[in-house]
Amino acid sequence: MDFTRRETLALGAGAALLTVLPFRAFASVDDLINDFTGGAETGEGGLELTAPEIAENGNTVPIEVSAPGATAIAVFAAGNPAPPVATFNFGPLAAAQEAATRIRLAGTQDVIAVAQMADGSFVRASKTVKVTIGGCGG
Amino acid sequence: MISRRDFLQVSMAASAMLGASGFGTWSRLAAQQALTQDQLLEFDTFGNVSLIHVTDIHAQMKPIYFREPSINIGVGDNKGAVPHVTGADFRRLYGIDDGSPAHYALSSGDFSALAQAYGRVGGLDRVATVINAIRAARPDALLLDGGDTWHGSYTCYHTQGQDMVNVMNALKPDAMTFHWEFTLGSDRVAEIVEGLPFAALGQNIFDAEWDEPAELFPPYEFFERGGVKIAVIGQAFPYMPIANPGWMFPEYAFGIRDENMQEMVDEVRAQGAELVVCLSHNGFDVDKKMAGIVTGIDVILSGHTHDALPEPVLVGDTIIVASGSNGKFVSRVDLDVRNGRMMGFRHKLIPIFSDVITPDKEVAAVIDAERAPYEAELQEVIGESESLLYRRGNFNGSWDDLICDALLSERDAEIALSPGVRWGPSLIPGQKITREDIWNVTSMTYPNAYRTEMTGEFLKIVLEDVADNIFNPDPYYQQGGDMVRVGGMGYRIDISKPQGERISEMTLLSTGEAIDPARNYVVAGWASVNEGTEGPPIWDVVEAHISKLGTVRLDPNTSVAVTGV
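Residues numbered from 1 in each chain as written. Chains lettered and ligands numbered in written order. Predicted model: local features only at pLDDT ≥ 70, side-chain atom pairs only at ≥ 80, totals over all residues. Heavy atoms only, no water.

**Focus on the overall build of chain A**
The line we're drawing: The numbering of helices and of strands both runs from the N terminus, where a helix is a DSSP run of H or I of at least 4 residues and a strand a run of E of at least 2. Relative accessibility decides the category of a residue: with a 1.4 Å probe and only protein chains considered, values under 20% of the type maximum give buried, values over 50% give exposed, and everything between is partly exposed. Working rule for contacts: check all heavy atoms of both residues, and any pair within 4.5 Å makes them a contact. Methods summary: accessible areas were calculated by the Shrake-Rupley approach with a probe of 1.4 Å, and residue burial reflects only the protein chains presented.
Scanning chain A from terminus to terminus reveals two helices and eight strands. Helices and strands appear in chain A in the N-to-C order α-α-β-β-β-β-β-β-β-β. Looking at chain A as a whole, 44% of its 138 residues qualify as buried. Intrachain contacts of chain A at a sequence separation of at least 6 include 64% that bridge at least 24 residues. Here chain A has roughly 6700 Å² of accessible surface; of this, 53% comes from carbon and sulfur atoms.

Right, here's the structure in full:
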């Protein structure tokens, strides 16, 4: 055995997660978004969600949200056992309506951001972030 | 903005050098007489700026053979689009005659016979001659190196990249970007980069802790050439810590970061750039997608996926140039830039036929000096091959079949895994296999050939994961390598399916039995990205295997069935 026991376990654990969880938006994510929007329709545009296409480390994935004029931005990791990640609220004195953080992703999934704009409307953006075993690029 | 007329003037080396003979009718001498250095270099200098592009040299300083792939499948929007066109289809597309020098240089098919006729390709002393000739016509031409330069040979490994640094410095590049260089470890990379006499660029090289641009690698560099203010923006390989061991360079984060690329383009344009060149190690399909998203890039010099295209591909107003690998090609791109705009271009992909192009004496001396301390080890003959040994192809290559055989027998395993890298020259039938040849296809800083157990279920996860890195229909989710090579096990792959559904009918070849998801299999492999991987270096495993065989004979590999193309 040339992988250490610990690494093999770590690899195995990652693999188990990859197979067990269905990484699609849970019904509950839609419910959670509905809770945030109060059931209002979500539009597009005016909200930028920046996240890597492929995570370098699924345990700490840098993401950034920006929505000029927003009063709040909620972030969901649709495939995590607990999808809500954060809600950023911006007061009237906030210089910019943007926030950056790092999140943990259990596997390949959609990260979803929903912003509440000053006029009470909602916009939504999402991005698929892939979590991969890695190896052998050319 | 690019006039149709100028586009039609795009020339291909092939058109200037076609011999009258058909395949198989000439001797080696006649074939080479049909080619001259002047023909290869022929170019009507155009406009006011010249770019010279080399990329993915993988430390190949000496002439080699290099077979282009016969299987290179495109998916999504790139299905059937270059560079995913191979062999005879590629020749029809570009009007290349069968058996011509361009056939041999650019496409697969009849490789062994054509290699006998046309000889080796590459050699950085020949590349130097071509660069010097371009500089004679345009003294202020920009030489840009797309990276994967300080990796891939015996001497590069033993000098930690210093041999390539010294030889490349003799060619006097103006800028460079990176990929495998980082597998030297971040301390060594910093040590070299701090002493480089040219720009080390990467707009997507970030500090991992602060997620801010890394200080050592500026995003861009300005050049004033031919009265034109040129900005060259670097784009390093986006997926380094995923495709390669991130623990070797933990200070850095990468990613495509096309939003930052757009910011950089806007920034250099605001500073007066009249021509914006992206020196990229994205891989061709990623560059194509990026060209459609980021506006304001005039030229993308594309590397990583080792494609050699005789014409640039146009995406909007951006031209994408792909210059092959292993020192086999040099691209020359002449541009007419007026009033802050690219008005036209002329391009030539110059194949480096080693027997036709005279080596540059100065650079040849630098190469010899780098190799001299290792010459005896390099030239030691380990065996001989009756079969063509090559690597490129989506699913297998005969070099990898041999490496997998070596892992199975030397590491006493049921299944072997070998990484789907695209570097590594070819050997033609009848060639002696030297230690240098073995290192050319195995050299890396994480070479340990592990032996471990994996369940059938986990093996499927590995194959599905790698397959999605190649066949995800969105290029931004591709890493640019080929499928992991498998020994001892066959499988079926439907590339049109999503991840988790592509792989089926996994079969243990020794028994013909289906792979049992619950059973443990003894697996040997190499190039693990995990820290602390143990085992002998792969080159020792392969050398032991070849020396036992004496003469290598390989049957065609039929263990992977491909559907959904």
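**Describing the sheet that holds strand β2 (residues 48–50) of chain A**
All names here are of chain A. We count it as follows: We call two strands paired when DSSP finds no fewer than two bridges between them. Axis lines are fitted through C-alpha atoms, for helices just across the contact stretch, and the angle between N-to-C directions can take any value from 0 to 180 degrees.
The three strands lie next to each other as β2-β3-β6, forming an open sheet whose pairing is antiparallel. Both outer strands of the open sheet, β2 and β6 (98–103), are each paired with one neighbouring strand and no more. Going across the sheet, the axis of each strand differs from the next one's by a mean of 15°, ignoring polarity.

**Observations regarding the domain arrangement of chain B**
Residues and elements named next belong to chain B. Under the convention used in this document: Domain borders in the structure are assigned automatically or taken from a domain database. Accessible area, probed at 1.4 Å, shrinks when two parts are joined; the buried area is that loss added up over both.
You can read the domains of chain B as domain 1 (1–35 + 66–118), domain 2 (36–65 + 119–369) and domain 3 (380–563). Each of domain 1 and domain 2 has a C-alpha centre, and the two are 23 Å apart. Across the boundary between the two partners, domain 1 contributes 38 residues, which contact 43 residues of domain 2. Contact between domain 1 and domain 2 buries roughly 3400 Å² in total, counting both sides, with carbon and sulfur atoms accounting for 60%.

**Things to note about the environment of Leu402 of chain B**
Residues and elements named next belong to chain B. In this fold, Leu402 is placed in helix α17 (residues 398–410). Residue class for Leu402 comes out buried when judged on its relative accessible area of 1%. It is 47 Å that separates the C-alpha atoms of Leu402 and Glu263, two residues lying 139 residues apart in sequence. When near neighbours in sequence (up to four residues on either side) are disregarded, Leu402 contacts Leu389, His545, Ile546, Leu549, Val552 and Leu554.

**Observations concerning the sheet that holds strand β4 (residues 199–200) of chain B**
All names here are of chain B. The strand order β4-β3-β2-β1-β14-β15 describes an open sheet built from six strands, whose pairing is mixed. Taken across any chain shown, the strands that pair with only one partner, and hence form the sheet edges, are β4 and β15 (341–351). Where strand β1 (residues 49–54) and strand β2 (residues 142–145) come together, four bridges link them in parallel fashion. Within the sheet, the bridge partner assigned to His53 lies in β2 and is Leu144.

**Describing helix α13 (residues 258–270) of chain B**
Count 3.6 residues to each turn of an α-helix, and residues three or four apart come out pointing the same way. Residue and element names in this part refer to chain B. What counts is decided by this rule: One less than the number of residues in a helix, times 1.5 Å, gives the span that helix is expected to have.
Between its first and last C-alpha atoms α13 spans 18 Å; for 13 residues at 1.5 Å apiece the expected length is 18 Å, and the two agree. All of the buried residues along α13 are Asp258, Asn260, Met261, Gln262, Met264, Val265 and Val268. On its buried side, α13 packs onto β5 (206–207), β7 (220–225), β8 (228–235), β10 (275–280) and α14 (284–293). One or two steps after α13, the chain reaches Gly272, where phi turns positive at roughly 100°.

**Some thoughts on the interface of chain A and chain B**
Our working rule: A side-chain nitrogen of Lys or Arg and a carboxyl oxygen of Asp or Glu constitute a salt bridge if their distance falls within 4 Å. What qualifies as a polar contact is a pair of N or O atoms within 3.5 Å, subject to a donor-acceptor requirement within protein and to the restriction that residues adjacent in sequence count only when both atoms come from side chains. Side-chain classes follow a simple rule in which Ala, Val, Leu, Ile, Met, Phe, Trp, Tyr, Cys and Pro form the nonpolar group, Asp, Glu, Lys and Arg form the charged group, and the remainder, Gly included, forms the polar group.
At the interface, 26 residues of chain A touch 55 residues of chain B. When the two sides are added together, the surface that chain A and chain B hide from each other amounts to roughly 3100 Å², 55% of it contributed by carbon and sulfur. Here Asp468 of chain B makes a salt bridge to Lys130 of chain A, at a shortest N to O gap of 2.8 Å. Joining chain A to chain B, the criterion identifies eight residue pairs in polar contact (both at pLDDT 80 or more). Every element with two or more residues in the side of chain A that touches chain B is listed here: α1 (5–20) and β8 (122–129) of chain A. For the side of chain A that touches chain B, the leading source of residues is α1 of chain A, giving five residues. Here the side of chain A that touches chain B is built from residues that sort into 11 nonpolar, eight polar and seven charged.

**So, the environment of Ile367 of chain B**
All names here are of chain B. Its place among the elements puts Ile367 in helix α15 (residues 361–371). Here Ile367 falls in the buried class, since its relative accessible area comes to 1%. Along the sequence, Ile367 and Ala170 sit 197 residues apart, while their C-alpha atoms lie 9.8 Å from each other.

**Focus: the pairing of strand β5 (residues 84–89) of chain A**
Along a regular strand, successive side chains alternate from one face of the sheet to the other. All names here are of chain A. For strand β4 (residues 70–77) and β5, the ladder comprises five bridges, and the chain directions are antiparallel. Pairing of Phe76 across the sheet is with Pro84, part of β5. Here β4 hands over to β5 after six residues, the two strands then running antiparallel side by side.

**Thoughts on the side chain of Gln235 of chain B**
All names here are of chain B. Note on placement: Gln235 falls in strand β8. A polar contact is formed between the side chain of Gln235 and the side chain of Gln203, at a distance of 2.6 Å. A distance of 3.0 Å separates a polar atom in the side chain of Gln235 from a polar atom in the side chain of Asn282.

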